[in-house]
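# Results of the structural survey
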Amino acid sequence: MVNRIKMKIIKKPAEMQKLIKKYKLKGKTIGFVPTMGALHQGHISLIHRARKESNIIVVSIFVNPTQFGPSEDFSRYPRPFKKDAGICRKEKVAAVFVPKPKDIYPANYFTHITVEKLSDIMCGKSRPDHFKGVATVVAKLFNIVQPDRAYFGLKDYQQFIIIRKMAGDMNFPVKIIGCPLVREKNGLALSSRNAYLSGEQKQRALALSLSLQMAKNLIKNKNVKSAKSIISKIRKTLRPHVNKIDYVEIRDAETLETLGIVNKRAVIAAAIFIGKTRLIDNIIV
Ligand code: AMP
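A quick note: this is a predicted structure, and the numbers were derived from the prediction, not measured. (Residues numbered from 1 in each chain as written. Predicted model: local features only at pLDDT ≥ 70, side-chain atom pairs only at ≥ 80, totals over all residues. Heavy atoms only, no water.)

### As for the packing of aromatic side chains
Condition: In this analysis, rings of Phe, Tyr and Trp, with Trp reduced to its six-membered ring, are considered paired at centre separations within 6.5 Å, and the interplanar angle assigns stacked below 30 degrees, edge-to-face beyond 60, and tilted for intermediate values. Only DSSP runs of H or I covering at least 4 residues are called helices, and only runs of E covering at least 2 are called strands; the numbering of each starts at the N terminus. Think of it in three bands: residues with accessible area under 20% of the maximum for their type are buried, residues over 50% are exposed, and the middle band is partly exposed, with areas taken using a 1.4 Å probe on protein chains only. The rule is short: NZ of Lys or CZ of Arg within 6 Å of the ring centre and within 35 degrees of the ring normal puts a charge over the ring.
Per the stated rule, a full pass over the model turns up 8 aromatic pairs. An angle of 75 degrees between the planes, with centres 5.5 Å apart, marks the rings of F142 and F172 as edge-to-face. Placement of F142 in helix α6 (residues 130-145) and of F172 in the loop between α7 (157-169) and β6 (175-179) is noted, with a sequence separation of 30 residues between them. The residues F142 and F172 share a single accessibility class, namely buried. These aromatic residues form a ring-pair network of at least three members: F32, F142, F152 and F172. For the cation-ring pair, R76 lies above Y196, with the distance from its terminal atom to the ring centre recorded as 4.0 Å.

### What about unusual backbone geometry?
The backbone of K117 shows a phi angle near 65 degrees, a positive value even though the residue is not glycine. Checked against the element boundaries, K117 lands in the loop between α4 (101-104) and α5 (123-126). The phi torsion at Q146 lies on the positive side, around 45 degrees, for a residue other than glycine.

### Quick notes on the domain arrangement of the protein chain
Heads up, the rule is: Where each domain begins and ends follows an automated or database-derived domain assignment. Only heavy atoms matter for contacts: two residues are in contact if any of them lie within 4.5 Å across the pair. Defined here as a combined quantity, buried area equals the accessible surface (1.4 Å probe) lost by two parts on assembly, summed across both. Basic side-chain nitrogens of Lys or Arg form a salt bridge, by our definition, when they fall within 4 Å of a carboxyl oxygen of Asp or Glu. Any pair of nitrogen or oxygen atoms within 3.5 Å is treated as a polar contact; in protein, a donor-acceptor pairing is required on top of that, and neighbouring residues in sequence qualify only through side-chain atoms on both sides. Polarity classes work like this: nonpolar for Ala, Val, Leu, Ile, Met, Phe, Trp, Tyr, Cys and Pro, charged for Asp, Glu, Lys and Arg, and polar for all others, with Gly in that last group.
For the protein chain, the assigned domains are domain 1 (8-179) and domain 2 (192-280). Relative to domain 2, the C-alpha centre of domain 1 lies at a distance of 26 Å. The partner domain 2 presents 17 residues to the 22 residues of domain 1 that form the contact. Contact between domain 1 and domain 2 buries roughly 1,700 Å² in total, counting both sides, with carbon and sulfur atoms accounting for 53%. For the domain 1 face of the interface with domain 2, the top three residues by lost area are R76, M122 and Y157, together amounting to 34%. Run the count over domain 1 and domain 2 and you get 3 salt bridges. Across the pair E249 and K125 runs a salt bridge, and its minimum N-O distance is 3.9 Å. Across the contact surface, domain 1 and domain 2 share 9 residue pairs in polar contact (both at pLDDT 80 or more). Of all elements in the fold, only α5 and α7 reach the threshold of two or more residues within the side of domain 1 that touches domain 2. With 4 residues, the top contributor of residues to the side of domain 1 that touches domain 2 is α7. Its residues placed into classes, the side of domain 1 that touches domain 2 shows 10 nonpolar, 5 polar and 7 charged.

Below, the structure is given as structure tokens:
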């Protein structure tokens, strides 16, 4: 389905919009994969899905400053652009959009998007402006890339729900597609932030996926349904291995409302610290 063309690297929003106009005049459909770079198999799985469904794949690589808190890792976030461009080329991406922060947020930038309620819970509690930054940059990227379909990983489950809501609420003419979480063989969810972990820390990080898998087994095989008791078992499993537990929560998988009893499709989500690295993971039951 995908055309063979030389990959373009585009830096300016107006230039990207001009190129998209050309594609659209030719009747092409646009599949869009927004990322912050340091691409791994998780990102590549989104590109593969896009390739199945769209003629033109656009990947954006932008470490978005507004979604990082003041004491977070914005400046040290990995930026291996050459390697990322090589991966995109190999994956037959038509265009990589790599804007500079000043081109996305020029001086006197005033407009932000907040998806109420959903942005204040879970990760939003400890990262107060995070989802405002995410929703704003994704809305801007949608206006720049004008995709027919946009692909998001279920690794960032809350982000997926928020973007889907934002796109619906704002009438963006784009289909939001959630793609399965990709893990290492040992269960560790792939993440660009895993690069921060030492060997010993990576070993300890395994407790995260293991504890969620254990919780799924309790629900599926042992008929445990009390969210409180499942959460307490996850916390007990995590405690010896992690430096801090940010949260462990069980919520309705569609609405993210809290669940006392796990009697419908639910997401069990957790955020922990290994050293200074914050890791998230989730499992659907
Ligand atoms: P990021 O570069 O971390 O902002 O992620 C860009 C996109 O890739 C988001 O939609 C993420 O949810 C997705 N992604 C990151 N890690 C994974 C993973 N392990 N499995 C599936 N999707 C992922």
